[in-house]
Amino acid sequence: MSDSAWDQLDLGARRATPVLVTLLTVLVGRLPLYIPHADAIMPWLTLIAVFYWAAHQPGLLPMLAVFALGVVHDILVGSTVGVGTLVLMLVHGLVSAQRRFFVSRSFFVVWIVFACVAALALSLHWALTMAATGAALAPEPALFRLLTTVAFYPLMSLVLVPIHRASVR
């Protein structure tokens, strides 16, 4: 292969990294843990990834990819198809529109903003799921998922930051 072909392959791989990493969060989030009620406390890893890429490289995770990843997530989770998709798309749109805010902010500020966005996202997901199914849902599982998702953000950042740096060099 010529240098140009390798360069094109390298560029394509770098551009696909955010989508592939986010897809990986969808799949990892569905790994069996063999822990009773693990689904209720499992962090929403895909929400973390969508937030991260929307804040740092929104052009590399386009809305169409967020839509497709959301549908895959909804199907694998077994939730009402479209609810998680809509929430992820809204988060992507909201965060990417405010991307300049994140440029010079400390990690702690970004984490606080993520906590607020996650609270809105999981509340909306809970409310939309109730509306779509017509069933009343206890708020505790959504609250636990919010807490684990916010707590897991720093750990995911430890993984996402080096991947991000490697994909844009």
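Everything numeric in this text was worked out from a predicted model, so none of it was measured. (Residues numbered from 1 in each chain as written. Predicted model: local features only at pLDDT ≥ 70, side-chain atom pairs only at ≥ 80, totals over all residues. Heavy atoms only, no water.)

Visitor: Teacher, can you tell me more about the overall build of the protein chain here?
Guide: From N to C terminus, the protein chain includes eight helices and zero strands. Starting at the N terminus and walking to the C terminus, you meet the elements of the protein chain as α-α-α-α-α-α-α-α. Against the 2.2 N^0.38 benchmark of 15 Å for 169 residues, the protein chain shows a C-alpha radius of gyration of 17 Å, consistent with a compact globule. Burial statistics for the protein chain: of 169 residues in total, 36% are counted as buried. About 9,400 Å² of surface is accessible on the protein chain, with carbon and sulfur atoms providing 72% of the total. Counting 9 positive and 6 negative side-chain charges, the protein chain places the centres of these two groups 10 Å from one another. (Helix = DSSP H or I, 4+ residues; strand = E, 2+ residues; numbered from the N terminus. Rg over C-alpha atoms; globule rule 2.2 N^0.38 Å. Buried < 20%, exposed > 50% of the residue type's maximum accessible area, 1.4 Å probe, protein only. Areas by Shrake-Rupley, 256 points an atom, 1.4 Å probe, with all protein chains shown as cover. Lys, Arg positive; Asp, Glu negative; His and termini not counted. Charge placed at Lys NZ, Arg CZ, Asp CG, Glu CD.)

Visitor: Explanation requested: the packing of helix H3 (residues 45-56) against helix H8 (residues 140-168) in the structure shown.
Guide: Packed helix pairs are characterised by how far apart their axes lie and by the angle those axes make with each other. Viewed as axis vectors pointing N to C, H3 and H8 meet at an angle of 45°, and their least axial separation amounts to 9 Å. Comparing their axes, H8 and H3 come out oblique. Crossing angle aside, the handedness with which H3 passes H8 is right-handed. Contacts between H3 and H8 involve Leu45, Leu47, Ile48, Ala49, Phe51, Tyr52, Trp53 and His56 on the former and, on the latter, Thr149, Phe152, Tyr153, Met156, Leu160, Val161, Ile163, His164 and Ser167. (Axes fitted to C-alpha atoms, helices over the stretch in contact; angles between N-to-C directions. Parallel < 35°, antiparallel > 145°, perpendicular 65-115°, else oblique. Left-handed = near helix turned anticlockwise from the far one by under 90°. Contact = heavy atoms within 4.5 Å.)

Visitor: Hey, could you run me through the side chain of histidine 73 in this one?
Guide: Along the chain, histidine 73 turns up in helix H4 (residues 63-77). A relative accessible area of 10% places histidine 73 in the buried class. If sequence neighbours within four positions are ignored, histidine 73 has contacts with Val26, Trp44 and Thr46.

Visitor: How do you make sense of the environment of tryptophan 44 when you look at a structure like this?
Guide: Relative to the helices and strands, tryptophan 44 is located in the loop between helix H2 (38-41) and H3. The exposure class of tryptophan 44 is buried, given its relative accessible area of 5%. As a C-alpha pair, tryptophan 44 and threonine 148 span 104 residues in sequence and 8.1 Å in three-dimensional space. For tryptophan 44, the residues in contact, after removing those within four places along its chain, are His73, Gly84, Val87, Leu88, Leu122, His125, Arg145 and Thr149.

Visitor: Explanation requested: helix H7 (residues 107-133) in the structure shown.
Guide: Helical geometry: 3.6 residues make up each α-helical turn, so side chains three or four residues apart lie on a common side. Compared with the 39 Å implied by 1.5 Å per residue over 27 residues, the 38 Å span of H7 between its first and last C-alpha is a close match. Considered for burial, the residues of H7 that qualify are Val110, Phe114, Val117, Ala118, Ala121, Leu122, His125 and Thr129. Those residues of H7 hidden inside the fold are in contact with H3, helix H5 (83-97), helix H6 (99-102) and H8. Phi for glycine 134, located one or two positions after H7, is positive at around 75°. (Expected span 1.5 Å × (residues − 1).)

Visitor: Quick question: what am I supposed to make of the packing of aromatic side chains here?
Guide: Pairs of aromatic rings are described using the distance from one ring centre to the other and the angle between the two planes. For the structure on display, the rule yields eight aromatic pairs. Between phenylalanine 51 and phenylalanine 102 the ring centres are 5.6 Å apart and the planes differ by 85°, which places this aromatic pair in the edge-to-face class. A residue pair is termed long-range when its members are at least 10 positions apart, and phenylalanine 51 in helix H3 and phenylalanine 102 in helix H6 qualify at 51 residues. You'll find phenylalanine 51 and phenylalanine 102 in the same group, each marked buried. Here the aromatic residues Phe51, Phe101, Phe102, Phe107, Trp111, Phe114 and Tyr153 are joined through ring pairs into a cluster of three or more. (Phe/Tyr/Trp six-rings, centres within 6.5 Å; stacked < 30°, edge-to-face > 60°.)

Visitor: Hey, could you run me through a nonpolar patch on the surface in this one?
Guide: On the surface, a cluster of nonpolar side chains totalling about 390 Å² of accessible area is made up of Leu20, Leu23, Leu27, Val72 and Leu76. Of all the secondary-structure elements, those providing two or more residues to the nonpolar patch are helix H1 (3-28) and H4. No other element matches the three residues that H1 contributes to the nonpolar patch. Residue classification places leucine 76 among the partly exposed residues on the basis of a relative accessible area of 38%. (Patch = residues over 30% accessible without salt bridge, like charges linked within 9 Å, V, L, I, M, F, W, Y side chains within 5 Å. Salt bridge = Lys/Arg side-chain N within 4 Å of Asp/Glu carboxyl O.)

So, to be careful, I would describe these as geometric facts and stop short of saying anything about function.
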